[in-house]
Amino acid sequence: MFSIIKKLFSKQPHETQEDLMKKFLVAGLGNIGPKYHNTRHNIGFKILDALAKEENLVFETKKLGDLTTYKHKGRTIILLKPNTYMNLSGKAVRYWLEKEKIPLENLLVVTDDINLSFGTIRLKSKGSAGGHNGLKDIEAQLQTSKYCRFRFGVGNEFGKGRQVDYVLGEWSPEEESAIPERLEKGIALIKSFTTAGTSNTMNTFNGK
């Protein structure tokens, strides 16, 4: 009885508009399962895993994905790795955007891009899916292409009809040795996006 009375008279937490503007959803795209762990298509997972390791964060399996929350300079950053497989990434992104009441402009999707040379990083505030099935599904679920995406170049060193094998293939030894420095850049980009904003982050990191 006492617990019921306490619940009735206790203040319920209420997020103001200002609070919501300081919340971000960073969704790294990839496929679940050990066989996909170190593939090019899973760079979204890899970057979020690197950030989580640096900040001693632990992912928990929740609805439609693995999540962890990171506090940074007054911002609340929710890291999401959808467990829906790449082609259905939009379902998880939309669910957590709506559940956490996060503004669309505070969404950042981290994905691989075969149209950029290996290691190139590029932030864009909108754009086409470029044939990427994960981005296609996010666009379909959100009914817009106006959301920020962090594209990580994986190159296009594949022959005709070999694109799927390439993106689902593992990194070359040369790429593997260069990945750690690129992950550091990716982590810095994510932090900048949440504090300095999209335009400033694009100016600082695009093409670097």
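Residues numbered from 1 in each chain as written. Predicted model: local features only at pLDDT ≥ 70, side-chain atom pairs only at ≥ 80, totals over all residues. Heavy atoms only, no water.

Undergrad: I would appreciate a short explanation of the overall build of the protein chain in the present structure.
TA: Across its full length, the protein chain holds 8 helices and 7 strands. Here the protein chain has a C-alpha radius of gyration of 18 Å; the compact-globule value for 208 residues is 17 Å, and the two agree. Expressed as lengths along the three principal axes of its C-alpha atoms, the size of the protein chain is roughly 70 × 35 × 35 Å. Sorting the 208 residues of the protein chain into buried and exposed places 48% on the buried side. A fraction of 69% describes how many contacts in the protein chain between residues 6 or more apart in sequence connect residues 24 or more apart. Only carbon and sulfur atoms are counted for the fraction: they give 51% of the accessible area of the protein chain, which is about 11200 Å². Distance between charge centroids for the protein chain: 6 Å, based on 32 positive and 23 negative side chains. (Helix = DSSP H or I, 4+ residues; strand = E, 2+ residues; numbered from the N terminus. Rg over C-alpha atoms; globule rule 2.2 N^0.38 Å. Buried < 20%, exposed > 50% of the residue type's maximum accessible area, 1.4 Å probe, protein only. Contact = heavy atoms within 4.5 Å. Areas by Shrake-Rupley, 256 points an atom, 1.4 Å probe, with all protein chains shown as cover. Lys, Arg positive; Asp, Glu negative; His and termini not counted. Charge placed at Lys NZ, Arg CZ, Asp CG, Glu CD.)

Undergrad: Would you explain the packing of helix α3 (residues 43–54) against helix α7 (residues 173–195) in this entry?
TA: When two helices pack together, you describe them by how their axes are tilted relative to each other and by the distance separating the axes. Interhelical geometry of α3 versus α7 gives an angle of 75 degrees and a closest axis separation of 9 Å. Looking at the two axes, α3 sits roughly perpendicular to α7. Taking contact as the criterion, the partners of Ile43, Lys46, Ile47, Leu48, Ala50, Leu51 and Glu54 in α3 are, on α7, Glu176, Ile179, Leu183, Gly186, Ile187, Ile190 and Lys191. For the contact of α3 with α7, the per-class residue count stands at 9 nonpolar, 1 polar and 4 charged. (Axes fitted to C-alpha atoms, helices over the stretch in contact; angles between N-to-C directions. Parallel < 35°, antiparallel > 145°, perpendicular 65-115°, else oblique. Nonpolar A, V, L, I, M, F, W, Y, C, P; charged D, E, K, R; others polar.)

Undergrad: When you look at unusual backbone geometry in this model, what are you seeing that I'm missing?
TA: Only a minority of non-glycine residues have a phi that is not negative, and only a minority of peptide bonds are not trans. In this model, Leu64 sits at a positive phi of 70 degrees, which is unusual for a non-glycine residue. Topologically, Leu64 is positioned in the loop between β2 (60–62) and β3 (65–72). Backbone geometry places Tyr85, a non-glycine residue, at a positive phi of 70 degrees. Relative to the elements of secondary structure, Tyr85 occurs in the loop between β4 (75–82) and α4 (89–99).

Undergrad: So what exactly am I meant to see when it comes to the pairing of strand β1 (residues 23–28) here?
TA: For a regular strand, the rule is simple: side chains alternate between the two faces of the sheet. Summarising burial for β1: 6 of the 6 residues are buried, a large majority. Residues of β1 alternate between two faces, with Lys23, Leu25 and Ala27 on one and Phe24, Val26 and Gly28 on the opposite face, all of them buried. The sheet contact formed by β1 and β4 spans 5 bridges and is parallel. Considered in β4, the bridge of Leu25 is made with Ile78. (Pairing = 2+ DSSP bridges.)

Undergrad: Would you take a moment to explain the side chain of Thr111 for this structure?
TA: Tracing the backbone through its elements, the reader meets Thr111 in strand β5 (residues 107–113). With relative accessibility at 0%, the residue Thr111 sits in the buried group. A polar atom in the side chain of Thr111 sits 3.4 Å from the side chain of Asp112. At a separation of 2.8 Å, a polar atom in the side chain of Thr111 contacts the side chain of His132. Look past the residues within four positions of Thr111 in its chain and what remains in contact with it is Leu29, Ile43, His132, Leu135, Phe150, Arg151 and Phe152. (Polar contact = N/O pair within 3.5 Å; in protein donor to acceptor, adjacent residues only side chain to side chain.)

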